[in-house]
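Architecture at a glance
Chain by chain, the residues run as shown.
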Amino acid sequence: MPELYLIRHAQASFGAANYDVLSDLGHDQSLELGKALAIQGVEPDTLFIGAQRRHRETLEGILKGMGRDPAEATIHPGLNEFDFKSLLDAHYANRPAPDNMHSERKSHFRTLRDTVLAWQRDEIENPPETWGEFSNRVEAARQAITASKGQTIIAVSSGGAIGQMIAACLRAPSDQQIKLQLQMKNCAVNRFVFSERSFYLHGFNETPHITAANSDPLLTYS
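Described in the following lines is the structure provided in the data block. Everything numeric here is computed off the predicted structure, so don't read it as measured data. (Residues numbered from 1 in each chain as written. Predicted model: local features only at pLDDT ≥ 70, side-chain atom pairs only at ≥ 80, totals over all residues. Heavy atoms only, no water.)

Describing helix α7 (residues 176-183)
Gln177, Ile178, Leu180 and Gln181 are the residues of α7 that are buried. The buried residues of α7 occupy an angular sector of 160° when projected down its axis, which confines them to one face. (Buried < 20%, exposed > 50% of the residue type's maximum accessible area, 1.4 Å probe, protein only. Helix = DSSP H or I, 4+ residues; strand = E, 2+ residues; numbered from the N terminus. Arc of directions from axis to C-beta.)

Structure (structure tokens):
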């Protein structure tokens, strides 16, 4: 059966003016993941990414680590992350926001969890996109990937979109999406096998490039 390696991007630049850029550590993570995938014998014939810079930079590092030349990937907006900054701002548009929700990790992710749950219940006015629009575009990306005729596919995305694709695959309640998202490590690999009629989760949140010797600093979540 064809296999999809759905990979979360490497560490981006949390708290910086432009989050959508890999940190120096993020470049190291993607390179090391590529090396680990090559050792496993992974030889992708099809590549997908979202339209965000961190997706492209992560794929470039993976391919470099695999010893492969740079290659064009199909860009699908369904693999993009939801606009979490605008979503948080919309949730707190008419009331005081928690301190440091955009700049301090603990505050950000605690607030993001509660905000996503409210978003799923359609309780946020004027969100950047509705929950239905988000989940539909993630499903459109999944359909495009499985229709590509690739046998070994690497796709680079973000934690929110990956969490939703897994939750939908498992037919889990929508509130499980954010629980899956908040567990997702940088450069984590999620594997699926599929056919024309079926789509199965085959591996979750795997980090073949991380060992006890290098988990500090390679193991990160944001």
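Notes on unusual backbone geometry
At the junction of Asp216 and Pro217, the peptide bond is cis and its omega measures out at 25° in the coordinates. Structurally, Pro217 can be placed in helix α8 (residues 215-218). At Asn100, a position not held by glycine, the phi torsion is positive, near 60°. In this structure, Asn100 sits in the loop between α3 (84-91) and α4 (105-120). Its relative accessible area of 48% is what places Asn100 among the partly exposed residues.

Some words on the packing of helix α5 (residues 131-146) against helix α6 (residues 159-169)
At a closest axis distance of 10 Å, the pairing of α5 and α6 adopts a crossing angle of 75°. One way to sum up the angle between α5 and α6 is to call them roughly perpendicular. In this structure, α5 contributes Trp131, Phe134, Ser135, Val138 and Arg142 to the contact, and α6 contributes Gly160, Ala161, Gln164 and Met165. Class assignment of the residues belonging to the contact of α5 with α6 gives a composition of five nonpolar, three polar and one charged. (Axes fitted to C-alpha atoms, helices over the stretch in contact; angles between N-to-C directions. Parallel < 35°, antiparallel > 145°, perpendicular 65-115°, else oblique. Contact = heavy atoms within 4.5 Å. Nonpolar A, V, L, I, M, F, W, Y, C, P; charged D, E, K, R; others polar.)

Here's the deal with the sheet that holds strand β1 (residues 3-8)
Ordered by their spatial adjacency, six strands build an open sheet running β3-β2-β4-β1-β5-β6, and the pairing between neighbours is mixed. Since the sheet does not close on itself, it has two edges, and those belong to β3 (74-75) and β6 (199-206), each with one partner. Two strands pair when backbone bridges link them, and strand β5 (residues 189-194) and β6 are joined in this way by five bridges, in the antiparallel orientation. From the neighbouring strand, Phe194 faces β6, where its bridge partner is Phe199. Contacting β1, β2 (46-49) and β4 (152-157), helix α2 (residues 53-65) runs over the sheet at an angle of about 140° to β4. (Pairing = 2+ DSSP bridges.)

Topic: the environment of Pro70
Structurally, the position occupied by Pro70 is in the loop between α2 and β3. On the basis of relative accessible area, Pro70 is assigned to the exposed category, the value being 77%. Measuring from C-alpha to C-alpha, the distance between Pro70 and Ala212 comes to 30 Å, with 142 residues separating the pair along the chain.

Digging into the packing of aromatic side chains
Within the structure shown, the criterion is met by eight aromatic pairs. An angle of 90° between the planes, with centres 5.5 Å apart, marks the rings of Phe82 and Phe134 as edge-to-face. You can see Phe82 sitting in the loop between β3 and α3 and its partner Phe134 sitting in helix α5, a full 52 residues away along the chain. Phe134 shares its class with Phe82; the two are buried. Where Phe192 meets Phe199, the ring centres are 4.7 Å apart and the plane angle is 15°; that geometry is what we call stacked. Across the pair, Phe199 and Phe192 agree in class, each one buried. Counting every residue linked through ring pairs, the aromatic cluster contains Phe82, Trp119, Trp131 and Phe134. (Phe/Tyr/Trp six-rings, centres within 6.5 Å; stacked < 30°, edge-to-face > 60°.)

Focus: the nonpolar core
When a protein is soluble and globular, its nonpolar side chains tend to lie buried together. If you look at the biggest cluster of nonpolar residues, it comprises 39 residues, and the most contacted ones within it are Leu4, Leu6, Leu79, Phe82 and Trp119. Of all the elements in the fold, those that place two or more residues in this core are β1, α3, α4, α5, β4, α6, α7 and β5. Among the elements that take part in this core, α6 stands out by supplying six residues, more than any other. One finds Tyr5, Ile7, Leu59 and Ile154 within the second-largest nonpolar core, a separate group that totals 18 residues. (Core = buried A, V, L, I, M, F, W, Y, C linked by side-chain atoms within 4.5 Å.)

Here we look at the environment of Thr211
With respect to the element layout, Thr211 can be found in the loop between β6 and α8. Taking the relative accessible area as the measure of exposure, Thr211 reaches 41% and is therefore partly exposed. Between the alpha carbons of Thr211 and Asp89 there is a distance of 38 Å; along the sequence they are 122 residues apart.

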